[in-house]
Amino acid sequence: MRQVDTAKLTVAVDSALARLRGYIPPGSLQAYAFAAVCALGAGLFEVWLKWLDQNASPLIAYYPAVAFTALLGGIGPAALVAIFGGVTAWWAFMPPAFSLSLERHGDQINLITFAFVSMLLVLAADHFRRVAKRLEDEEQLRQLAVQELAHRLKNKIATIQAIISVQLRDQPQVRDGILSRLAALTATDHLVEEANGRGAFAHDIARTELGPYAASRVVIQGPNVLLPPKYALTVALLVHELATNSAKYGSLSVPDGIVLLTLRMTDALLEVDWQEKGGPTVSAPQRQGFGLRLLSRALEQFGGGTDILFEPSGVICKMKIKLPVGTTSEPVDEDGKPLTVTAM
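Quick notes on the rules
- Residues numbered from 1 in each chain as written.
- Predicted model: local features only at pLDDT ≥ 70, side-chain atom pairs only at ≥ 80, totals over all residues.
- Heavy atoms only, no water.
- Helix = DSSP H or I, 4+ residues; strand = E, 2+ residues; numbered from the N terminus.
- Contact = heavy atoms within 4.5 Å.
- Areas by Shrake-Rupley, 256 points an atom, 1.4 Å probe, with all protein chains shown as cover.
- Core = buried A, V, L, I, M, F, W, Y, C linked by side-chain atoms within 4.5 Å.
- Buried < 20%, exposed > 50% of the residue type's maximum accessible area, 1.4 Å probe, protein only.
- Pairing = 2+ DSSP bridges.
- Salt bridge = Lys/Arg side-chain N within 4 Å of Asp/Glu carboxyl O.
- pLDDT = per-residue confidence, 0-100.
- Expected span 1.5 Å × (residues − 1).
- Axes fitted to C-alpha atoms, helices over the stretch in contact; angles between N-to-C directions.
- Parallel < 35°, antiparallel > 145°, perpendicular 65-115°, else oblique.
- Left-handed = near helix turned anticlockwise from the far one by under 90°.
- Nonpolar A, V, L, I, M, F, W, Y, C, P; charged D, E, K, R; others polar.

This part covers the overall build of the chain. Secondary structure summary: the chain contains nine helices and nine strands in total. Taking as baseline every contact in the chain between residues at least 6 positions apart, the subset at least 24 positions apart corresponds to 64%. Counting every atom, the chain has about 19500 Å² of accessible surface; 62% of that belongs to carbon and sulfur.

Pasting the structure below:
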C-alpha cells in the first residue's frame, strides 16, 4: 500500500506542476510576479531561521526558491531571485548587518558559491522544464492520435459488420460468430482507448467478456495485470471463445454452473486458468473447429501456449503468456484497494 500511495503522490505532484506551468508561462509577467513571491517568501523564511539560530546559513532559503522559480518561470525570473537573494543576504544577514561590507572571508566564499550553484540550478531546472513541456506536448498529441485512430477503427468495424450482415444473411450461424468476435475486439479496443493506449487490465477484459452472465456465476481471482494492447486483444478473443463455448455447451449453459478465472504472475510469465464447474458432462469434440484452433495457437506469437482439458466436470483451459519486461502485476484496483478476488 505504501508503494501505491507513493505512486499516487508522484502523479499528484506532476499534475500540480503541469497546472502551474499552464498558469505561469516562462518569462511572462506572471513568471516575474511568481519570482517576487518566491524571493519574498525565502527572505521571510531566512529571517525566521536567523531568529531561531544566529549561526544559520544566510543563503540556505534561497536555493530552493531559485530552483522552483526556474522550474516554472524560466531563466530570467530565476536569475532575479538569485540576485535578490544574494544581495539581501549580503546586506541584511552578513556582518556588518545592513551594510555591503564583508568582515569575514568565509562570507565572500559563500556568496561566490551561491552564485555558482544558483547558475547550475537555473540551467538544470530550466532544462528539466523544457523537457517536461515537450513530453506534455507529445503526450497530448499521442492522446489525440489515439482518439482519432479509435474513432476511425469504430467506423471501419461498423462498416465491416454491416457488410458481413448483408453478405452472410443466409448463413446466420457463421454471421453471428464473426459479429460476436468483432464485438469482443471492439469492447477491448474501448478499454485500451480508456487507458490512453497503454493497454487494458486483465480484470476489466474478463468483466467485459463475461458481463452478460450472472454475477454470482463468475469469479475472477489473482492480480490485475495491465496487458499491452496486442496482448489485451488476444486475451479478449480467447476469453470470448471460452465464454461462448461455455454458454452453448458448458457450465454457463445451465443455471447452477460457474466459471473460475484465476490469474498468476511470476516475473514476466502470466498464467491464466479457466475452470468450469457445475455444468453438464463434457467430452472432447470429434473435430477441431475455429474456436479450438484459435485457443491452441493464438498465444504462440507471445512465446506462450494453451492446454485444454475436457474433464467430465467441465472444461479446464490453462493459458501461459510471456509478457514484455516491465509489465507490472498489482493486486489492487485503480483506487489502491485490494483486488485479488472479484465476484462479478
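Read on, since the account is not over.
A separate point is the nonpolar core. Leu 227, Leu 238, Leu 270, Trp 274, Met 319, Ile 321 and Leu 323 are the most contacted members of the largest nonpolar core, which has 36 residues in total. Of all elements in the fold, only helix H7 (202-210), strand E2 (218-221), strand E3 (224-227), helix H8 (229-249), strand E4 (258-266), strand E5 (269-277), helix H9 (290-297) and strand E7 (314-322) reach the threshold of two or more residues within this core. Among the elements that take part in this core, H8 stands out by supplying nine residues, more than any other. Once residues within four sequence positions are removed from consideration, Leu 270 is found in contact with Val 225, Leu 227, Leu 263, Arg 264, Met 265, Met 319, Lys 320, Ile 321 and Leu 323.

In this structure, E4 lies alongside E5, joined through nine bridges in antiparallel fashion. Note that in E5 the partner of Val 259 across the bridge is Glu 276. Hairpin connection between E4 and E5: a loop of two residues separates the two successive antiparallel strands, and Asp 267 in this loop has a positive phi of roughly 55 degrees. Two elements, E5 and E7, share seven bridges in a ladder whose sense is antiparallel. Among the inter-strand pairings, Trp 274 is bridged to a residue of E7, identified as Cys 317.

Evaluated as defined, the whole model comprises eight salt bridges. Residue Arg 129 pairs with Asp 126 through a salt bridge whose shortest N-O separation is 2.7 Å. Linking Arg 129 with Asp 126, this pair stays in helix H5 (residues 105-167), spanning three residues, or about one helical turn. The exposure class assigned to Asp 126 is buried, which follows from its relative accessible area of 5%. Of the charged contacts in the structure, one is a salt bridge between Arg 130 and Asp 126, with a shortest N-O distance of 2.9 Å. Of this pair, Arg 130 and Asp 126 both sit in helix H5, four residues apart, which is roughly one turn of that helix. One continuous salt-bridge network, built from bridges that share partners, spans Arg 264, Glu 271, Asp 273 and Lys 318.

The subject of this paragraph is the confidence of the model for the chain. Scored by pLDDT, the chain has a mean of 80; 82% of the residues are at 70 or more. Residue range residues 331-341 is modelled with pLDDT below 50. Its contacts to residues more than four positions away, or to other chains, number 29 contacts.

Turning to the environment of Gln 275, a few remarks are in order. When you line up the elements, Gln 275 lands in strand E5. With 33 residues separating them in the primary sequence, Gln 275 and Leu 242 have C-alpha atoms 9.9 Å apart. When near neighbours in sequence (up to four residues on either side) are disregarded, Gln 275 contacts Ile 258, Val 259, Leu 260, Val 315 and Ile 316.

Let us now look at the pairing of E2. Side chains Val 218 and Ile 220 of E2 all project onto a buried face; the interleaved residues Val 219 and Gln 221 project onto a face where none is buried. In this sheet, E4 lies alongside E2 in parallel orientation, the contact comprising four bridges. When the sheet's bridge partners are listed, Val 219 is paired in E4 with Leu 260.

Let's shift gears to helix H3 (residues 62-73). Across its twelve residues, H3 extends 15 Å between first and last C-alpha, which sits within 8% of the 16 Å expected from 1.5 Å per residue. Buried residues of H3: Tyr 62, Ala 65, Val 66, Thr 69, Ala 70, Leu 71, Leu 72 and Gly 73, and no others. Two residues or fewer after H3 comes Gly 74, characterised by a positive phi angle close to 100 degrees.

A few words now on the packing of helix H2 (residues 29-52) against H3. Where H2 contacts H3, the axes come no closer than 9 Å and their chain directions differ by 165 degrees. Put simply, H2 runs roughly antiparallel to H3. H2 and H3 meet at a crossing whose hand is right-handed. Mapping the contact onto sequence places Ala 31, Phe 34, Ala 35, Cys 38, Ala 39, Ala 42, Gly 43 and Glu 46 in H2 and Tyr 62, Ala 65, Phe 68, Thr 69, Leu 72 and Gly 73 in H3.

Another point: the environment of Ile 164. Turning to its location among the elements, Ile 164 is positioned in helix H5. Among the residues examined, Ile 164 registers a relative accessible area of 12% and is labelled buried. Considering only alpha carbons, one finds Ile 164 and Ile 178, 14 residues apart in sequence, at a separation of 8.1 Å.

Moving on, we come to the packing of H3 against helix H4 (residues 75-93). Where H3 meets H4, the closest approach of the two axes is 7 Å, and the angle between their N-to-C directions is 165 degrees. Between H3 and H4, the angle is such that the two are roughly antiparallel. Note on packing geometry: the crossing formed by H3 with H4 is right-handed. The segment H3 lies against H4, with Tyr 62, Ala 65, Val 66, Thr 69, Ala 70 and Gly 73 engaging Ile 75, Pro 77, Ala 78, Val 81, Ala 82, Phe 84, Gly 85, Thr 88 and Phe 93. Tallied by class, the residues present in the contact of H3 with H4 amount to eleven nonpolar, four polar and no charged.

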